[in-house]
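# Survey of secondary and tertiary structure
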Amino acid sequence: MKLKISVIVPIYNEEGNIKTLYEKIKTTFQKISSSYEVIFIDDGSYDNSLNILRPISKKDNHIKIISFSRNFGHMPAITAGLVHSKGEKVVVMDADLQDPPHIIEKMYKKSLQGYDVVYGVKRKRKESFVRKFLFKSFYKLFDKISFLKMPIDAGTFSILDRKIVNIIIDLPEKNKYFSGLRAWTGFKQTGVIYERSKRYAGNEASFSRLFKLAMDGIVSFSFVPLRIASILGFIFSGFAFVLIVILFILKFFINLGIMGWTSTISSILFMGGVQLITLGIIGEYLARIYDEVKKRPEYLIHQKIGFH
Ligand code: UDP
Ligand code: MG
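Residues numbered from 1 in each chain as written. Chains lettered and ligands numbered in written order. Predicted model: local features only at pLDDT ≥ 70, side-chain atom pairs only at ≥ 80, totals over all residues. Heavy atoms only, no water.

## Details of the UniProt feature "transmembrane region" (unreviewed entry) in the chain
Definition in use: UniProt positions are given in the numbering used here, feature names are shortened, and annotations may be inferred rather than shown by experiment. Strands are runs of DSSP state E lasting at least two residues, helices are runs of H or I lasting at least four, and both sets are numbered from the N terminus onward.
Annotation from UniProt places "transmembrane region" (unreviewed entry) at residues 231-253 and 265-287. Its end C-alpha atoms 33 Å apart, residues 231-253 is made of 100% helix and 0% strand. Helix makes up 100% of residues 265-287 and strand 0%. Its end C-alpha atoms lie 32 Å apart.

## What about the packing of helix H9 (residues 224-253) against helix H10 (residues 261-294)?
Packed helix pairs are characterised by how far apart their axes lie and by the angle those axes make with each other. Rule in force here: Axes here refer to lines fitted to C-alpha atoms; in helices the fit is confined to the stretch in contact. Angles between the N-to-C directions go from 0 to 180 degrees. For classification, angles of less than 35 degrees are called roughly parallel, those exceeding 145 degrees roughly antiparallel, those between 65 and 115 degrees roughly perpendicular, and all remaining angles oblique. Crossing handedness is read from the near helix: turned anticlockwise from the far helix by less than a right angle, it gives a left-handed crossing, and turned clockwise, a right-handed one. Two residues qualify as a contact provided that any one of their heavy atoms is within 4.5 Å of a heavy atom in the partner residue. Under the scheme applied here, ten amino acids are nonpolar (Ala, Val, Leu, Ile, Met, Phe, Trp, Tyr, Cys and Pro), four are charged (Asp, Glu, Lys and Arg), and all others, including Gly, are polar.
Two elements in contact, H9 and H10, have axes whose closest approach is 9 Å; the angle formed by their N-to-C orientations is 155°. Judged by the inter-axis angle, H9 sits roughly antiparallel to H10. For the pair H9 and H10, the sense of crossing is left-handed. Residues Pro225, Leu226, Ala229, Leu232 and Phe236 of H9 form the contact with H10, whose participating residues are Phe270, Met271, Val274, Thr278, Ile281, Ile282 and Tyr285. Each residue belonging to the contact of H9 with H10 can be placed in one class, and the counts come to 11 nonpolar, one polar and no charged.

## A look at the packing of helix H8 (residues 207-221) against H10
Packing of H8 against H10 brings their axes to within 11 Å, and their N-to-C directions diverge by 85°. Overall, the two elements H8 and H10 adopt an arrangement that is roughly perpendicular. Contacts between H8 and H10 pair Lys212, Met215, Asp216, Ile218 and Val219 from the former with Glu284, Tyr285 and Arg288 from the latter. Considering only residue class, the contact of H8 with H10 consists of four nonpolar, no polar and four charged.

## Considering the coordination of the magnesium ion (ligand 2)
Formally: Counted as donors are N, O and S atoms no farther than 2.8 Å from the metal, or 3.2 Å for Na, K and Ca; water is not among the atoms, and sites may therefore look incomplete. Relative accessibility under 20% of the residue-type maximum defines a buried residue, over 50% an exposed one, and the middle range a partly exposed one, all with a 1.4 Å probe and only protein chains included.
Within the protein, Asp96 (OD) and Gln98 (OE1) serve as the donor atoms for the magnesium ion (ligand 2), at 1.9 to 2.0 Å. Judged by its relative accessible area of 7%, Gln98 falls in the buried class.

## Side note on empty space enclosed by the protein
The following threshold applies: Two kinds of site are reported from a 1 Å grid over the protein atoms alone, namely cavities, where a 1.4 Å probe fits but cannot get out, and pockets, open sets with protein on both sides within 12 Å along at least five of seven lines, and residues are called lining when an atom falls within 4 Å of a point. Grid points are joined across faces, edges and corners, and a volume is the space filled by probe spheres set on the points.
By the definition in use, this model includes one cavity of 30 Å³ or more. Its volume calculated, the largest cavity comes out at about 40 Å³. Around the largest cavity, the lining residues are Met75, Ile78, Thr79, Leu82, Ile168, Lys176, Phe178 and Leu181. For the lining of the largest cavity, the elements supplying multiple residues, two or more each, are helix H3 (74-84) and helix H7 (178-185). Here the lining of the largest cavity is composed, by residue class, of six nonpolar, one polar and one charged.

Okay, structure coming up:
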C-alpha cells in the first residue's frame, strides 16, 4: 500500500520544541490518516535534539531520523527530507511550532481537491516590529524584481504532491531556494491562511542567516541587481561626460585658476563606492556560480534511523 503523507522537519538545536511538536503532529494525524511518516532531519545540532529524537523513533515507527555530519543549512535539510520521503503528499514545516501542525489537516483536505501545492500564507506575524518590517520589505522587493511571481507571505510551510517533489529533487541546482522553486514549478497552487506564532522555544534565526536566505532568493530569481549595475554605469558616464564638457569650457574660456580639490575627492570617493557596490553584486552571482560548478554534494549523511 502506498504511503499517504510524509512530513519533513529540519532540526537545528530544537531540544525545547521536539516533544511538543511530535505530540501535536501525532494528534493531528489521528484525525487525518495513520498512513504517514515524519522525517526529522538533524542538521548538525549540538544540543540534545538527536538524543530526544532517538527514543521517539524507537517507540513510534512513523518517526524517522536523518542526521547530517555537520550543519549544512535549512534548505539542504529540506532537500534531504524530500529525497527520502515516500508519501504521495509531502508536508514541509519548521520545528519551532511557528507552523502549527493542526493546519496540516486543512492543507491536506485542500490538496485532495486537486491542488498540487498548498502553501501556508502567514496572516498575523507575532514577531518583532523590525523583523515584520524586514520580511515585508523582502517580499515586496522580491515581487518587484524577480522574474517569478511568488505568493506574498508564503514561507516553507506547505504540502506538495509527489509530482512536485520529484521535480524539485531532480533539479540539478544546489542553492535551492525552496519557496521560490515551489512557485517556479507552476501547476495548480493555492494558499491556506494561518496565524504564525512566535517561536515556541529557542532563539530566532539570526539576521545574517535571514540576509543570506534573502540574497539566495533574489539572486536565483532575478537579474535586476546586475542590470542596476549597468544602469548606474550609464547614468554616471552621462554625468561624467557633461561635467567634462563644463570643466573644459571653464578652463579655456573662463580661467579660474586651480580649483576643485573638494569636488575631485568627493567624486573619487563616490565613484569608488558605486564601483565596489556593483562589484559586490557581481560577486554575489559569481560566488553562487562557483559554488554550483564545484558540484559538491548539498549535504552529507552521518546516520539514518527508523527507515525500514
Ligand atoms: N534550521 C536548520 N538548519 C539551520 C537553521 C535552521 O535545519 O542551519 C531549521 C530550524 O531547526 C527550523 C527551521 O529550519 O526547524 C527554520 O529555522 P528558524 O526557525 O530558525 O527560521 P525562521 O523561522 O526564523 O525563518
Ligand atoms: Mg522559526
